[in-house]
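Structural overview
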Amino acid sequence: MKKTENSLHKQGPLSGRFQEYLREFVYGGIDGSVTTFAVVAGATGASLDPGIVIILGLANLFADGFSMSVGAYLSEKSERDNYEKHKQIEYWEIENMKEKEIEEIRQIFRDKGFEGTLLEQVVQVITADKDRWVETMMKYELEMIPPSKNPFMVGAITFLSFLLVGFIPLIVYVVEYMAGVNHGDKFTEAALLTLIAFLIIGYLKSYVNHTSRIKGILETVVLGALAAAVAYATGYWLKELIL
């Protein structure tokens, strides 16, 4: 037990904070890599110039990344606001419907097996402090717990993960463009790099969802492959139809 406790203490606040926002990092990374690779695949299917691939990829990267981060921020903020709204309602009910709220506390702990003198002592202790009373009602009556994540951090980490992981399918195109070389099959190299990203982010996804490592990896790889296949086929079909 001591060894486990010591290892937890050695993790430090940075490790704990990373784990707290791991879900945002993982899903931001999945969305970024899948959508950007789909853009690359679609542009390749349409036989577009590498410069166009970079423009489309970066435009998608920043626009979709910003959109996703705003959505994540608003979702987390909405959850926090909803919790605070119900919390204020509970305070109002304690002030204006005190006896009814006392009976609700009594019923909650009666259902948990408390009875007689012990039950009344528990009710008295809880209702003696309004904050404790409200927290108990929030947890056991409404089954709501206070959100622990900062909405801004949720949005920021989602955006950064989207950019970092989502840039991987574009690395080959950007490096070769900046170096002024063009050696041919960049899409295969981009696909290999993206596959590595899928493997890593899928592995992390298994921690978030508490599933097997293989399942987390396969889900991510299959999702990315399907999105890329659809995009490539669409790009190829549109090229044949329009050009």
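A brief report on the enclosed structure follows. (Residues numbered from 1 in each chain as written. Predicted model: local features only at pLDDT ≥ 70, side-chain atom pairs only at ≥ 80, totals over all residues. Heavy atoms only, no water.)

Comments concerning the environment of glutamate 103
Secondary-structure assignment places glutamate 103 in helix H4 (residues 98-111). Residue classification places glutamate 103 among the partly exposed residues on the basis of a relative accessible area of 35%. In this structure the C-alpha to C-alpha distance between glutamate 103 and valine 123, which are 20 residues apart in sequence, comes to 8.8 Å. At a separation of 2.8 Å, a polar atom in the side chain of glutamate 103 contacts the side chain of arginine 106. (Helix = DSSP H or I, 4+ residues; strand = E, 2+ residues; numbered from the N terminus. Buried < 20%, exposed > 50% of the residue type's maximum accessible area, 1.4 Å probe, protein only. Polar contact = N/O pair within 3.5 Å; in protein donor to acceptor, adjacent residues only side chain to side chain.)

Details of the environment of tyrosine 173
In this structure, tyrosine 173 sits in helix H8 (residues 171-179). As a C-alpha pair, tyrosine 173 and tryptophan 133 span 40 residues in sequence and 60 Å in three-dimensional space. With near-sequence residues (within four places) excluded, tyrosine 173 lies in contact with Val40, Thr44, Pro50, Val53, Ile54, Lys186, Phe187 and Ala190. A distance of 3.5 Å separates a polar atom in the side chain of tyrosine 173 from a polar atom in the side chain of threonine 44. (Contact = heavy atoms within 4.5 Å.)

Concerning H4
With 14 residues, H4 should cover 20 Å at 1.5 Å per step; its first-to-last C-alpha distance of 20 Å lies within 8% of that length. Contacts from the buried residues of H4 go to helix H3 (50-96), helix H5 (116-127) and helix H6 (130-141). Note on H4: the residue one or two positions beyond its end, glycine 113, has a positive phi of about 105 degrees. (Expected span 1.5 Å × (residues − 1).)

Notes on the packing of aromatic side chains
Tallied over the entire structure, the rule returns 5 aromatic pairs. Judged by centre distance (6.2 Å) and plane angle (35 degrees), the ring pair of phenylalanine 187 and tyrosine 232 falls under tilted. Pair noted here: phenylalanine 187 is in helix H9 (residues 186-209) and tyrosine 232 is in helix H10 (residues 213-242), with a separation of 45 residues, a long-range link. Residue tyrosine 232 is classed as partly exposed on the basis of its relative accessible area, which comes to 36%. An angle of 70 degrees between the planes, with centres 5.5 Å apart, marks the rings of tyrosine 203 and tyrosine 207 as edge-to-face. Within this pair, tyrosine 203 and its partner tyrosine 207 are both found in helix H9, separated by 4 residues, close to a single helical turn. Here the aromatic cluster, defined as three or more aromatic residues joined through ring pairs, consists of Phe37, Phe187 and Tyr232. Over the face of the ring belonging to tyrosine 207 we find arginine 213, whose NZ or CZ atom lies 4.0 Å from the ring centre. (Phe/Tyr/Trp six-rings, centres within 6.5 Å; stacked < 30°, edge-to-face > 60°. Lys NZ or Arg CZ within 6 Å of the ring centre and 35° of its normal.)

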